Amino acid sequence: MGRPAWQDPVPLALDTAPVPAYGSGSLADLLPTLAAGQGVEGFTAAIPELTPADRNCVFLIDGLGWEQIKAHPDEAPFLHSLLPTSRGGTGQPITAGFPSTTATSLASVGTGLPPGEHGLPGYTVRNPESGALMNQLRWKPFTAPKVWQPYPTVFQLADAAGVRTAQVSSPDFEQTPLTKVALSGGSFLGRLSGEDRMDVSAQRLAAGDRSLVYTYYSEVDGKGHRFGVDSDAWRGQLMYVDGLAQRLAEQLPPRSALYITADHGMIDIPFDEQSRIDFDEDWELRAGVALLGGEGRARHVYAVPGAQGDVLAVWREVLGEQFWVASRDEAIAAGWFGPVIDERVYGRIGDVVAAAHDDVVITASVNEPHESAMVGMHGSLTPVEQLVPLLEVRS
């Protein structure tokens, strides 16, 4: 039976939100586990199911979540065949972290730290020093990278310990601040084509007695945002990247382990008023809000001084059946951003944090026209966004 029209809505309980597996099975745990297996001091094997290898390669496919691989055996026969190998042969996924978005996830991968420590807790977040929103993917407005994210990367620490480290990606990414704070250390090798990246990655693996190589492909995510994960364009990219993964796997030098993972999954959101709630056109949601950060399915809401409680109450009343709506301290206590929150990161998190439960987004048609027009979305704690593969091939 449905709820009577006169009955007040019941917000989703925060303890029903799935919390990322920080410390045992998240993206932040992958490189520390691999480095520990290579004898790099200061790291422990946080993902105990993984067996050490002298040569490790991580191939991160942007936007290709666990659920998408499971649902497309015909388009991705090679990747689908590897599902039983995931997470050390358990056949299980790992989790991205919150929010499940590229800047946050890449920083978690490269630093081996959860968002509450590395300090990139969203697509856009408020800089407490300036009071302005900062886009952490595009790094605008520019902020000193090492001030924003001061920790060394796993690549840097492994390289200093004598492990041959390399990143093989698009040349466009070599000098970006995000690369510098999240993925630097050792050699950066820019290659335009996916095939070249796979070939060079295999060569760099073989170049060291102990080696750690990272390579990346972005267009699965790009086509998903533009056309959706139910589109022919997206399926074409999935077929292409399936071939890339097989190409790399077939070239592994001896004593190697290849791990194929992703930064998040993706979900298509219908273009209707029920599924796309426009913040810029909703006076209730705007009341008392100074800045709207994050992205459609994972919002950081920054209130004007003194209005935090009112904003939380309104957002919970209006959205609480479709979103997990938490205060900053509630989201931190629930472990959404990890077990530790650095002092410099605390103010970057919204006064209110809203994570989508249903197939719905909060758009901002005026201030975020490009993002609001996307078909495929991600960012929240749901399995389709949060669960990512950790497929394994060994030589």
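That block above? That's the structure.
In this text the structure is predicted, and so the values were computed from the model without any measurement. (Residues numbered from 1 in each chain as written. Predicted model: local features only at pLDDT ≥ 70, side-chain atom pairs only at ≥ 80, totals over all residues. Heavy atoms only, no water.)

(A) Main features of helix 11 (residues 219-227). Among the residues making up helix 11, those that are buried are Val 220, Asp 221, Gly 224 and His 225. Each buried residue of helix 11 sits inside an arc of 130° when the element is viewed along its axis, so together they form one side. In this structure, the buried residues of helix 11 make contact with strand 1 (55-61), strand 7 (211-217), helix 12 (232-249) and strand 16 (376-377). The positive-phi residue at the C-terminal boundary of helix 11 is Gly 228, with phi of around 95°. (Buried < 20%, exposed > 50% of the residue type's maximum accessible area, 1.4 Å probe, protein only. Helix = DSSP H or I, 4+ residues; strand = E, 2+ residues; numbered from the N terminus. Arc of directions from axis to C-beta. Contact = heavy atoms within 4.5 Å.)

(B) Region of the structure containing the sheet that holds strand 13 (residues 323-327). Overall, antiparallel pairing links the four strands, which are arranged 11-12-14-13 in an open sheet. Each of the sheet's edge strands pairs with one partner strand only, and the pair in question is strand 11 (289-295) and strand 13. Across the sheet, the axes of successive neighbouring strands diverge by a mean angle of 20°, strand direction being ignored. Two elements, strand 12 (residues 298-303) and strand 14 (residues 352-356), share four bridges in a ladder whose sense is antiparallel. Following the sheet pairing, Val 301 is matched in strand 14 by Val 352. Here helix 14 (residues 308-319) sits on the sheet in contact with strand 11, strand 12, strand 13 and strand 14, set at roughly 170° to strand 13. (Pairing = 2+ DSSP bridges. Axes fitted to C-alpha atoms, helices over the stretch in contact; angles between N-to-C directions.)

(C) Layout of the layout of surface pockets. Of the pockets and cavities examined, the largest pocket occupies roughly 890 Å³. Residue lining of the largest pocket: 37 residues in total, with Thr 102, Leu 137, Arg 138, Asp 221 and His 225 positioned closest to the centre. Within the residue set of the lining of the largest pocket, elements represented by two or more residues are helix 5 (102-111), strand 5 (164-169), helix 9 (177-182), strand 7, helix 11, strand 15 (361-363) and helix 17 (369-372). Considering each element in turn, the lining of the largest pocket owes the most residues, five residues, to helix 11. Grouping the constituent residues of the lining of the largest pocket by class yields 14 nonpolar, 14 polar and nine charged. (1 Å grid on protein atoms, 1.4 Å probe; cavity = no way out; pocket = protein on both sides within 12 Å on 5 of 7 lines; lining within 4 Å. Points joined across faces, edges and corners; volume = space filled by probe spheres on them. Nonpolar A, V, L, I, M, F, W, Y, C, P; charged D, E, K, R; others polar.)

(D) Representation of the pattern of salt bridges. Following the criterion strictly, the structure yields 14 salt bridges and no others. Arg 255 serves as the salt-bridge partner of Asp 54, at 2.7 Å between the closest nitrogen and oxygen. One end of the pair, Asp 54, is in the loop between helix 1 (30-37) and strand 1; the other, Arg 255, is in the loop between helix 12 and strand 8 (256-261), with 201 residues separating them in the sequence. Assessed through its relative accessible area of 36%, Arg 255 is described here as partly exposed. Arg 344 is paired through a salt bridge with Asp 342; the nearest N and O atoms lie 2.9 Å apart. (Salt bridge = Lys/Arg side-chain N within 4 Å of Asp/Glu carboxyl O.)

(E) Structural detail: the sheet that holds strand 6 (residues 187-190). Taking strand neighbours across the sheet as the criterion, the six strands line up as 6-5-7-1-8-18 in an open arrangement whose pairing is mixed. Sheet topology places strand 6 and strand 18 (391-394) at the edges, where each strand pairs with a single neighbour. Here the strands of the sheet are splayed against their neighbours by 15° on average, with no regard to which way each runs. As defined by bridge partners, strand 5 adjoins strand 7 across five bridges and the pair is classed as parallel. Looking at the pairing, Arg 164 lines up with Ser 211 of strand 7.

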